[in-house]
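Listed here are the chains, written in short residue letters.
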Amino acid sequence: ATTLGVMGGGQLGRMFVHAAQQLGYRTVVLEAEADSPAAQAAHHQVRTAYLDPAGLAELVRECDAVTTEFENVPADALRELADHRPVAPAAAAVAVCQDRVAEKAHFAASGVPCAPYAVIDSETALAAVSDTLLPGILKTARLGYDGKGQVRVADRAALEAAWTDLQGVTCVLEQRLSLADELSVIVARGAAGEVVHLPVQHNLHRDGILAVTQVPAPGLDAAQVEQAVASAERIAASLDYVGVLCVEFFLLTDGSLVANEMAPRPHNSGHYSIDACDVSQFDLQVRCMTGLPLVAPRLHSPAVMLNLLGDLWFDAEGRERSPDWAAVLALPGVHLHLYGKAQARRGRKMGHLTLTGATPEAARDAALKAGALLGLEAF
Ligand code: ATP
Ligand code: MG
Ligand code: MG
């Protein structure tokens, strides 16, 4: 293959393009918007909607293999492309990840527990919900991300109101669990079933959005690490998955591990691998889609990743400003990644910062200093 295509123009596509270009590939992005993060970096942009027949035909003409950076790319577009070119991950696997109902059924089929839940797709199903699921979190089955499409519901009245607010779309109601920690595991699986994984990530979310990732994950014992990795590998294998897959887990206060959700692509919690591992999650995506060998990434530096949300681009009075990058870049082991998004908005992912150190303490210390300079909450 000489040209690699990616569906979607966001920051994940941008970092994929960088990794592909490092290996000498030409890159093509299919994205309707002009000037997207990935299109800025790619050699060529096909500027159409995902399902546009002319756009898909152009992508086929231009590319030798295709992947996706966008979780909600229509599975039909991937199906169409797969008639002409190798596509990884496959449409069927992506479709499972796009639907919380199918996703949870797949966890169960893989022998991996998830939060107790009920599918709510009718008034009857709503009325039949067991009290044991409350207080709970109502999540739309499709299209949610960064905590959007989710409502915390304390009781039955709140649940009914929330489902009405969501206009009766198919949802899952999950029991609200008592979380000790959040983890994620990123695996890369090749066409012959060979699989490698990144070190387990420890994630802190704020307002439903990933804020901080720490690796090595503090406070985990070897058995918990092994269980998380084995679960993610089983989930990937039973999907016959080819590509990079991230599985998010909750570690409960009773010590048990349950799967939360998965993403059929590189993941925000794996961005540290660019600077802290000898093979990044984006390198693995390139290798998976081109049939190159998968080697197990080695963490060469403990790392802390801080997400840079658009909030940092506004002062207390709501005026737009630029964060003081010079002060941050004076810290040791700092790796600043900005995604080239012209317009900052609160909650919008504008970039991230990875702090590497000789020890976990050094990385954490640098991250706390960077956070203090930027006005981020300590962790
Ligand atoms: P992402 O941007 O990761 O795709 P999302 O919008 O799909 O996010 P989830 O991962 O389902 O949302 O949930 C977001 C966060 O809300 C979780 O990381 C966790 O902090 C909290 N959360 C979700 N489900 C539960 C639950 N059943 N019990 C307790 N906390 C939960
Ligand atoms: Mg999600
Ligand atoms: Mg999530």
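Computed from a prediction, not measured in an experiment: that's the story for all the values here.

Examining the site of ligand 1
Reasoning step 1: Around ligand 1 there are 19 residues in total, and Ala115, Tyr145, Glu174, Leu177 and His205 lie nearest to it.
Reasoning step 2: Mapped by element, the contributors of at least two residues to the shell around ligand 1 are strand E6 (136-140), strand E9 (179-189) and strand E14 (257-263).
Reasoning step 3: Looking at the shell around ligand 1, its residues break down into five nonpolar, six polar and eight charged.

A look at the confidence of the model for the protein chain
Reasoning step 1: Looking at the protein chain, pLDDT values average 97 and 100% of them are 70 or higher.
Reasoning step 2: Both confidence scores are given for the complex: pTM 0.97, ipTM 0.98.

Overview of unusual backbone geometry
Reasoning step 1: In this structure, proline 89 follows alanine 88 across a cis peptide bond, with omega equal to 0°.
Reasoning step 2: For proline 89, the location among the structural elements is in the loop between helix H4 (75-82) and helix H5 (91-97).
Reasoning step 3: A positive phi angle, near 55°, is found at aspartate 207, a position not held by glycine.
Reasoning step 4: Inspection of the secondary structure puts aspartate 207 in the loop between strand E11 (201-206) and strand E12 (209-215).
Reasoning step 5: Classification of aspartate 207 by C-beta neighbours within 10 Å gives exposed; the count is 9.
Reasoning step 6: We note that aspartate 240 has phi near 55°; this positive angle belongs to a residue other than glycine.

A closer look at the domain arrangement of the protein chain
Where interface size is given, it is often the accessible area lost as the parts come together that is meant.
Reasoning step 1: Here the domain parsing of the protein chain yields domain 1 (3-87), domain 2 (116-175), domain 3 (177-300) and domain 4 (301-379).
Reasoning step 2: A C-alpha centroid distance of 29 Å is found between domain 1 and domain 4.
Reasoning step 3: Listed as interface residues are five residues of domain 1 and, on the opposing side, five residues of domain 4.
Reasoning step 4: Of all elements in the fold, only helix H1 (11-22) and helix H2 (37-41) reach the threshold of two or more residues within the side of domain 1 that touches domain 4.
Reasoning step 5: For the side of domain 1 that touches domain 4, the residue count by class is one nonpolar, two polar and two charged.

What counts and how
Residues numbered from 1 in each chain as written. Chains lettered and ligands numbered in written order. Predicted model: local features only at pLDDT ≥ 70, side-chain atom pairs only at ≥ 80, totals over all residues. Near = placed C-beta within 6 Å. Helix = DSSP H or I, 4+ residues; strand = E, 2+ residues; numbered from the N terminus. Nonpolar A, V, L, I, M, F, W, Y, C, P; charged D, E, K, R; others polar. pLDDT = per-residue confidence, 0-100. Buried ≥ 20, exposed ≤ 12 C-beta atoms within 10 Å, placed from the backbone. Domains from an automatic or database assignment. Contact = placed C-beta atoms within 7 Å.

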